[in-house]
Amino acid sequence: MKIIGTGSALPSLSVTNDMLARFLDTDDHWIQTRTGIQQRRVISKESLKELAVKATQNALDDAGLTAADLDYILCSNIANNYVTPALSCIIQGEIEATCPCLDLNGACAGFLYALDIAEAFLNSYQDKNILIVCAEEPTRFVNWNERSTSVLFGDGAGAVVVTKGTNLKALTLTTTSKVDVLYYRRLLENTPYAANAEGTEPLVMNGRDVFKLAVSSSVADIKKVMQEASITCEDVSYFLLHQANIRIIDSIREHLSQSPDKFPQNIEKYGNTSSASIPILLDELSRANKIKSKSMLVMSAFGAGFCTGACAIEWD
Ligand code: COA
């Protein structure tokens, strides 16, 4: 595959750390030093669907395509207000596409899982153009009365259009079932046979365990894709990491003995936007003309599951 268009969209409301400190027992210094986050975009007036459609339209425009040119829509999303139909079906209707649609939930690593599925579809079927749109609203499932998770997340959507090509040099995925470290459960309807004993619970996270898993898995995944692609760190122009925590990114960078300029970031502005974080970052770099043609990009993400993934892809 090769990436031929990128797009992104963010909510208009920017919530600073000081704004959070007005109702949570937290402060700007703690959040910045522990996470690198200064502010995050939070859905207020707009909907996730609108952000997803905007990111999609930007990616299509960038690729010089219309919705009619799409052969498949893959949407990475953890949760939105529709359990069914899939968000990709809703996006399809809004942009007036007619292709098949599929949602996937690879948590914060969803973009890498979607790239893998797209690559398989491009190789197996007659598909030419596939839209991958990552649309996430984690602020709608964290506990806003509790400081440990609510300060970390932001909402947003990032999209790419991919087509046939030879630019994807290697991709690896791992899943290791570890439900307790990071989960979000929804309320089940009562039935005559099963009452809802537990109910909805906002996102639960063991931050320290997630931190360690994130660093070790990302370093291993990055080394694996570099080996499979027969490249070294020196061949890589940028490492685009899931924007979860600046200390996680720094720790991975130190394990690889690389300089900070190879690890672009936007976590300070947007917080953790889950699977949307890498495509949003990619879109920002692309639109700022910061990625030269033929540059090697290594992407790496990790999240609930525990799902992780990395890829090495040459910029077209
Ligand atoms: N503001 C102020 N203090 C806070 C706080 C907040 N928002 N959140 C936690 N604290 C406090 C804790 O209560 C604790 O206080 P104590 O020492 O009195 O018990 C102290 O800060 C240290 O907490 P700890 O959990 O050890 O901090 P940490 O250095 O591990 O940082 C995270 C916490 C969540 C930032 C960090 O573990 C992390 O980023 N983990 C990965 C999370 C992640 O990326 N998740 C998504 C993956 S896709």
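Given the structure is predicted, the values throughout are model-derived calculations rather than measurements.

Analysis parameters
Residues numbered from 1 in each chain as written. Predicted model: local features only at pLDDT ≥ 70, side-chain atom pairs only at ≥ 80, totals over all residues. Heavy atoms only, no water. Near = heavy atom within 4 Å. Polar contact = N/O pair within 3.5 Å; in protein donor to acceptor, adjacent residues only side chain to side chain. Areas by Shrake-Rupley, 256 points an atom, 1.4 Å probe, with all protein chains shown as cover. 1 Å grid on protein atoms, 1.4 Å probe; cavity = no way out; pocket = protein on both sides within 12 Å on 5 of 7 lines; lining within 4 Å. Sits in = over half its atoms within 2 Å of the grid points. Buried < 20%, exposed > 50% of the residue type's maximum accessible area, 1.4 Å probe, protein only. Helix = DSSP H or I, 4+ residues; strand = E, 2+ residues; numbered from the N terminus. Axes fitted to C-alpha atoms, helices over the stretch in contact; angles between N-to-C directions. Parallel < 35°, antiparallel > 145°, perpendicular 65-115°, else oblique. Left-handed = near helix turned anticlockwise from the far one by under 90°. Contact = heavy atoms within 4.5 Å. Nonpolar A, V, L, I, M, F, W, Y, C, P; charged D, E, K, R; others polar. Phe/Tyr/Trp six-rings, centres within 6.5 Å; stacked < 30°, edge-to-face > 60°. Domains from an automatic or database assignment. Buried area = accessible area lost by both parts, 1.4 Å probe. Salt bridge = Lys/Arg side-chain N within 4 Å of Asp/Glu carboxyl O.

Focus on the site of the ligand
The immediate surroundings of the ligand are formed by 22 residues, with Thr26, Arg34, Arg147, Arg208 and Asn245 found nearest. Between the ligand and tryptophan 30 there is a distance of 3.2 Å, counted from an oxygen atom to a side-chain nitrogen or oxygen. Taking asparagine 245, its side chain carries an N or O atom lying 2.5 Å from an oxygen atom of the ligand. Starting from 960 Å² of accessible surface for the ligand in isolation, the protein chains cover 74%. Mapping the ligand onto the cavity grids shows that it belongs to the second largest pocket.

What to know about helix α10 (residues 277-287)
Burial analysis of α10 places nine of its eleven residues in the buried class, the great majority of the element. Among the residues of α10, those classed as buried are Ser277, Ile278, Pro279, Ile280, Leu281, Leu282, Asp283, Leu285 and Ser286. Asparagine 289, located one to two residues past α10, shows a positive phi value of around 55°.

Observations regarding the packing of helix α7 (residues 207-228) against helix α8 (residues 246-255)
In helix packing, the relevant descriptors are the interaxial angle and the interaxial distance, both defined with respect to the helix axes. Where α7 contacts α8, the two axes come as close as 9 Å, and the packing angle between them is 40°. Comparing the axis directions of α7 and α8 gives the class oblique. The interaxial crossing formed by α7 with α8 has right-handed handedness. Of the residues in α8, those touching α7 at Phe211, Ala214, Val215, Ser218, Val219 and Ile222 are Arg247, Ile248, Ser251, Ile252 and His255. Class assignment for the residues of the contact of α7 with α8 results in seven nonpolar, three polar and one charged.

Topic: the packing of aromatic side chains
A complete count under the given rule lists five aromatic pairs for this structure. Relative to tyrosine 125, the ring of phenylalanine 121 has its centre 5.6 Å away and its plane inclined at 55°; by these criteria the two rings are tilted. Residue classification places phenylalanine 121 among the buried positions, given a relative accessible area of 14%. Residue tyrosine 125 is classed as partly exposed on the basis of its relative accessible area, which comes to 48%.

Focus: the domain arrangement of the protein
Segmenting the protein into domains produces domain 1 (2-166) and domain 2 (170-314). For domain 1 versus domain 2, the distance between C-alpha centres works out to 14 Å. With both sides pooled, the region where domain 1 packs onto domain 2 buries about 3500 Å², and carbon together with sulfur makes up 67% of that total. Of all residues in domain 1, Cys108, Leu112 and Tyr113 give up the largest surface area on contact with domain 2, accounting jointly for 19% of the area buried on that side. Between the two partners, domain 1 and domain 2, sit zero salt bridges. Counting the contacts that link domain 1 with domain 2 gives 19 residue pairs in polar contact (both at pLDDT 80 or more). Taken together, the elements giving at least two residues each to the side of domain 1 that touches domain 2 come down to β1 (2-9), α2 (28-35), β3 (39-42), α3 (48-63), α5 (110-124), β6 (129-136), α6 (147-150) and β7 (156-163). At six residues, α5 tops the list of elements feeding residues into the side of domain 1 that touches domain 2. Among the residues making up the side of domain 1 that touches domain 2, the classes are represented as 22 nonpolar, 18 polar and seven charged.

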